[in-house]
Number of protein chains: 2
Amino acid sequence: MKKIMECVPNFSEGRDQERIDRIVRPLEEAEDVMVLDTAPDEDHNRLVVTMIGTPEALKETMLKAMAEAIEVIDMEEHSGGHPRMGAVDVVPFTPVRNVKMEECVQTANELARRAAEKLDLPIYLYEEAATSPERENLAHIRKGEYEGFKEKIKEPEWEPDYGPHKLHESAGATVIGARMPLVAFNVNLDTEDVEIAKEIARRVRHSSGGLRYCKAIGLELEEKGMVQVSMNMTDYTRTGLYQSFEMIKFEAERYGVDIAGSELIGLLPSQALFDVAEYYLGLDDFSPDQIMENRLLEEL
Amino acid sequence: MKKIMECVPNFSEGRDQERIDRIVRPLEEAEDVMVLDTAPDEDHNRLVVTMIGTPEALKETMLKAMAEAIEVIDMEEHSGGHPRMGAVDVVPFTPVRNVKMEECVQTANELARRAAEKLDLPIYLYEEAATSPERENLAHIRKGEYEGFKEKIKEPEWEPDYGPHKLHESAGATVIGARMPLVAFNVNLDTEDVEIAKEIARRVRHSSGGLRYCKAIGLELEEKGMVQVSMNMTDYTRTGLYQSFEMIKFEAERYGVDIAGSELIGLLPSQALFDVAEYYLGLDDFSPDQIMENRLLEEL
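Residues numbered from 1 in each chain as written. Chains lettered and ligands numbered in written order. Predicted model: local features only at pLDDT ≥ 70, side-chain atom pairs only at ≥ 80, totals over all residues.

**A few points about the overall build of chain A**
Move 1: Across its full length, chain A carries nine helices and eleven strands.
Move 2: Along the first, second and third principal axes, the C-alpha atoms of chain A reach 55 × 45 × 40 Å.
Move 3: Within chain A, buried positions represent 49% of all 300 residues.
Move 4: Taking the intrachain contacts of chain A between residues at least 6 apart in sequence as the baseline, contacts between residues at least 24 apart amount to 72%. (Helix = DSSP H or I, 4+ residues; strand = E, 2+ residues; numbered from the N terminus. Buried ≥ 20, exposed ≤ 12 C-beta atoms within 10 Å, placed from the backbone. Contact = placed C-beta atoms within 7 Å.)

Encoded structure:
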């Protein structure tokens with residue numbers, strides 16, 4: 001059975017189709033890599049590519065795509081709504097199948113080392129690949145963005161993990177790392193009072209006392225006449241979807257508010273939903289090997 | 001994406017390892033076929049093989065395995081605890097991926113036609129492949145077993161669907177068909193009173209007024225000091241696992257009995273558990289395309 005990772009590179013070009021094509025081409029053409037989604041955003045002036053493949057193939061094709069991106073993107077001329085510090089802004093690797101987190105960390109390191117050498121690019125490692133606690137958080141690393149980094153990179157504590165101790169003159173710097181797949185999970189509440197969603201989000205999320213691997217905000221859904229607790233589950237293997245769901249349910253009870261439904265946005269690993277079924281059915285001794293499709297995947 | 005079916009042939013030999021090996025060898029060696037389980041049973045004197053593969057490959061390799069089985073098994077000398085009417089007793093095809101039930105029916109018909117011609121074997125079609133309502137039920141077809149079939153096959157209403165109008169002199173007759181995958185789902189009750197499990201099984205199963213695609217019996221689990229509602233879900237796409245689970249829960253309430261847990265036995269399709277998660281989380285607009293592994297399977 002092949003090792004399969006997901007890689008979701010973010011490039012700082014979301015408007016010029018010709019440039020986007022040049023960046024995406026090596027990814028599309030790579031063997032043992034499957035591009036699942038290509039999402040350019042004009043407002044953000046940013047391109048997010050979602051792909052899966054073997055670690056080796058992802059690494060090789062990412063090197064090519066990074067070289068293209070650095071050739072076509074000039075950060076001196078870049079503007080957009082999303083924070084960014086480089087032409088290749090961030091490259092996370094996540095485990096999908098038959099792969100441990102440590103192997104994602106290793107792949108992130110190998111890509112960082114080779115890209116730094118080949119492209120003369122300063123590179124920071126983040127999340128599980130971080131070399132110090134201060135570098136775990138992407139937003140913290142990226143603070144100051146491309147413009148501010150010209151000075152920030154000179155500070156001793158911001159010496160890059162790989163590559164030169166100065167910003168690339170047109171491509172800035174890149175953050176590469178390893179993390180669990182994010183599961184975007186939203187729960188809708190049968191009320192128009194957004195304060196209730198905000199208060200429940202505060203209760204359920206890690207940063208204000210809630211579940212360890214849950215980020216949450218409260219939102220209005222104007223068209224539906226409802227409000228939503230919008231979550232990013234940052235490690236579904238340790239904080240299950242059912243945990244945040246049940247927690248939202250019991251918090252909503254105090255307001256006499258019902259849950260109107262929920263939604264999963266984008267891709268997620270099957271195990272995140274198997275865990276939900278396992279909880280609600282009270283399954284004993286369930287193994288993912290019992291899933292027919294998992295047997296099929298062993299053939300890959 | 002390849003079409004994938006499951007095929008679970010039952011052969012009337014569960015004791016002689018040399019014979020078992022001869023039957024299984026063509027299945028093991030076939031390309032585009034993956035044997036998931038080989039389960040010989042000495043008491044039943046029966047061999048159950050679980051495999052998945054492309055329709056064409058399954059059909060070709062089954063023809064070879066049937067020829068082997070007919071060569072090594074003599075039904076005149078066969079005895080065992082499980083009802084049976086032939087050396088190759090029953091061969092069901094079930095849809096797994098990218099395949100419709102009609103295609104399983106077609107594959108069953110093609111195998112039946114070719115095996116009848118090549119092996120001079122009378123063949124009946126059952127379940128979704130049945131040519132009349134009386135032939136849908138396997139137990140009904142097989143009634144009288146090998147010994148009784150010598151006379152039964154002469155009755156006009158038991159003319160085989162394919163092959164000669166008389167029993168094969170050493171291999172009997174074979175039943176081939178198409179059905180949904182069975183999901184074996186057991187729910188344990190926190191009581192030692194087996195009558196409660198039996199009464200709940202009566203309520204939940206189709207045959208006595210319950211759910212359309214649910215078979216159920218009540219059992220004692222002596223070692224655990226509990227009882228169990230043991231179910232076969234015969235079409236999880238139409239009667240969901242959560243439906244039988246919730247029904248058992250509300251039936252158990254009237255006895256003041258709690259559910260102690262549940263278990264899934266053997267293989268099942270991932271969708272059966274996605275449906276459970278979808279129900280309990282109240283998911284709107286969930287699509288199996290959102291599951292990463294399903295994207296991987298598209299490559300097969």
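**A closer look at the relation of the copies chain B and chain A**
Move 1: Between the two copies, chain B and chain A, the superposition gives an RMSD of 0.1 Å; the rotation angle is 180° and the shift along the axis is 0.0 Å. Here the copies are linked by what is in effect a two-fold axis. Among all residues of chain B, the one whose C-alpha sits closest to the rotation axis is Ala277(B), at a distance of 2.5 Å. (Least-squares fit on C-alpha atoms with pLDDT ≥ 70 in both.)

**Examining the packing of helix α6 (residues 194-204) of chain A against helix α7 (residues 241-253) of chain A**
Residue and element names in this part refer to chain A.
Move 1: Two elements in contact, α6 and α7, have axes separated by 10 Å at closest approach and are oriented at 130°. What the angle tells us is that α6 and α7 run oblique. The handedness of the crossing between α6 and α7 comes out as right-handed. On α7, the residues touching Ile200, Arg203 and Val204 of α6 are Ser244, Met247, Ile248, Glu251 and Ala252.
Move 2: Class assignment for the residues of the contact of α6 with α7 results in five nonpolar, one polar and two charged. (Axes fitted to C-alpha atoms, helices over the stretch in contact; angles between N-to-C directions. Parallel < 35°, antiparallel > 145°, perpendicular 65-115°, else oblique. Left-handed = near helix turned anticlockwise from the far one by under 90°. Nonpolar A, V, L, I, M, F, W, Y, C, P; charged D, E, K, R; others polar.)

**Observations regarding helix α8 (residues 270-281) of chain A**
Residue and element names in this part refer to chain A.
Move 1: Given a rise of 1.5 Å per residue, twelve residues ought to cover 16 Å, and the 17 Å separating the end C-alpha atoms of α8 matches this to within 8%.
Move 2: Of all twelve residues that make up α8, ten are buried, and the element is covered over most of its length.
Move 3: Within α8, the full set of buried residues consists of Ser270, Ala272, Leu273, Phe274, Asp275, Val276, Ala277, Glu278, Tyr280 and Leu281.
Move 4: After α8 finishes, the residue glycine 282 shows a positive phi value of roughly 60°. (Expected span 1.5 Å × (residues − 1).)

**Description of the sheet that holds strand β10 (residues 226-233) of chain B**
Adjacent strands of a sheet form backbone hydrogen bonds with each other and so pair up, either parallel or antiparallel.
Residues and elements named next belong to chain B.
Move 1: Strands sit in the order β9-β10-β8-β11 across an open sheet of four strands; the sheet is antiparallel. Each edge of the open sheet is held by one strand with a lone partner, namely β9 (214-221) and β11 (259-265). Adjacent strand axes in the sheet meet at a mean angle of 20°, parallel and antiparallel pairs treated alike.
Move 2: With eight bridges connecting them, β9 and β10 associate as antiparallel partners. The residue of β10 that forms the bridge with cysteine 214 is methionine 233.
Move 3: Those strands touched by helix α6 (residues 194-204) are β8 (183-189), β9 and β10, and its axis lies near 175° from that of β9. (Pairing = 2+ DSSP bridges.)

**Regarding the confidence of the model for chain A**
Move 1: Per-residue pLDDT for chain A has a mean of 95; in total, 99% of the residues score no lower than 70.
Move 2: Here the predicted complex carries an ipTM of 0.84, next to a pTM of 0.85. (pLDDT = per-residue confidence, 0-100.)

**Observations concerning the interface of chain B and chain A**
Move 1: With 38 residues of chain B at the contact, the number on the chain A side is 39 residues.
Move 2: Among the elements of the structure, β1 (4-7), β3 (33-41), α7 (241-253), β11, α8 (270-281) and α9 (292-297) of chain B are those that each provide at least two residues to the side of chain B that touches chain A.
Move 3: Looking at the side of chain B that touches chain A, the element that brings in the most residues is α8(B), giving seven residues.
Move 4: Counted by class, the side of chain B that touches chain A contains 25 nonpolar, six polar and seven charged residues.

**Considerations on α7(B)**
Move 1: End to end, α7(B) covers 19 Å across 13 residues, agreeing with the expected 18 Å (1.5 Å per residue, within 8%).
Move 2: Among all positions of α7(B), only Leu241(B), Gln243(B), Ser244(B), Phe245(B), Met247(B), Ile248(B), Glu251(B) and Ala252(B) are buried.

**Details of unusual backbone geometry**
A negative phi holds for most residues other than glycine; trans holds for most peptide bonds.
Residues and elements named next belong to chain A.
Move 1: For glutamate 145, which is not glycine, the phi dihedral falls at a positive 55°.
Move 2: Along the chain, glutamate 145 turns up in helix α5 (residues 145-152).
Move 3: Judged by local crowding, glutamate 145 falls into the partly exposed class, with 17 C-beta atoms found within 10 Å.

**Let's talk about the domain arrangement of chain A**
Move 1: Taken as a whole, chain A is organised into domain 1 (4-178) and domain 2 (183-295).
Move 2: Between the C-alpha centres of domain 1 of chain A and domain 2 of chain A there is a distance of 29 Å. (Domains from an automatic or database assignment.)

**Section: the sheet that holds strand β8 (residues 183-189) of chain A**
All names here are of chain A.
Move 1: If you walk across this open sheet you meet the four strands as β9-β10-β8-β11, and the pairing is antiparallel. The sheet is open, and its two edges are formed by β9 (214-221) and β11 (259-265), each paired on a single side. Going across the sheet, the axis of each strand differs from the next one's by a mean of 20°, ignoring polarity.
Move 2: Of the strands in this sheet, β8, β9 and β10 (226-233) touch α6, which is tilted by about 175° from β9.

**A closer look at the pairing of β10(B)**
Residues and elements named next belong to chain B.
Move 1: For β10, the buried fraction is high: six of the eight residues fall into the buried class.
Move 2: Strand direction decides the pairing type here: β8 and β10, joined by seven bridges, are antiparallel. If you follow asparagine 186 over to β10, its bridge partner there is serine 230.
Move 3: Turn length for the β9-β10 hairpin, with the two strands adjacent in sequence and antiparallel, is four residues, and the turn residue glycine 225 shows positive phi of about 65°.

**Some details on the environment of Asn232(B)**
All names here are of chain B.
Move 1: Relative to the helices and strands, asparagine 232 is located in strand β10.
Move 2: Along the backbone, asparagine 232 and isoleucine 23 are 209 residues apart, and their C-alpha atoms lie at a distance of 28 Å.
Move 3: Look past the residues within four positions of asparagine 232 in its chain and what remains in contact with it is Leu182, Ala184 and Lys215.

**Points about the pairing of β1(B)**
All names here are of chain B.
Move 1: Taking every second residue as pointing to the same face, both faces of β1 are buried, with Ile4 and Glu6 on one and Met5 and Cys7 on the other.
Move 2: In the sheet, β1 pairs with strand β5 (residues 88-97) via four bridges, with the strands oriented antiparallel. Each bridged residue has a counterpart across the sheet, and for cysteine 7 the counterpart in β5 is phenylalanine 93.
Move 3: Sheet analysis places β1 next to strand β4 (residues 46-53), joined by three bridges and oriented antiparallel. Pairing of glutamate 6 across the sheet is with isoleucine 52, part of β4.

**Digging into the environment of Ala139(A)**
Move 1: Structurally, Ala139(A) is set in helix α4 (residues 138-142).
Move 2: Here the alpha-carbon distance between Ala139(A) and Ala201(A), two residues 62 residues apart in the chain, equals 21 Å.

**Details of the environment of Phe93(A)**
All names here are of chain A.
Move 1: Among the secondary structure elements, phenylalanine 93 is positioned in strand β5 (residues 88-97).
Move 2: A residue is classified by how many C-beta atoms lie within 10 Å of it, and phenylalanine 93, with 30 of them, is buried.
Move 3: The spacing of phenylalanine 93 and proline 9 is 84 residues in sequence and 8.7 Å in space, taken between C-alpha atoms.
Move 4: Residues in contact with phenylalanine 93, not counting those within four places in the same chain, are Met5, Cys7, Cys104, Thr107, Ala108 and Ala178.

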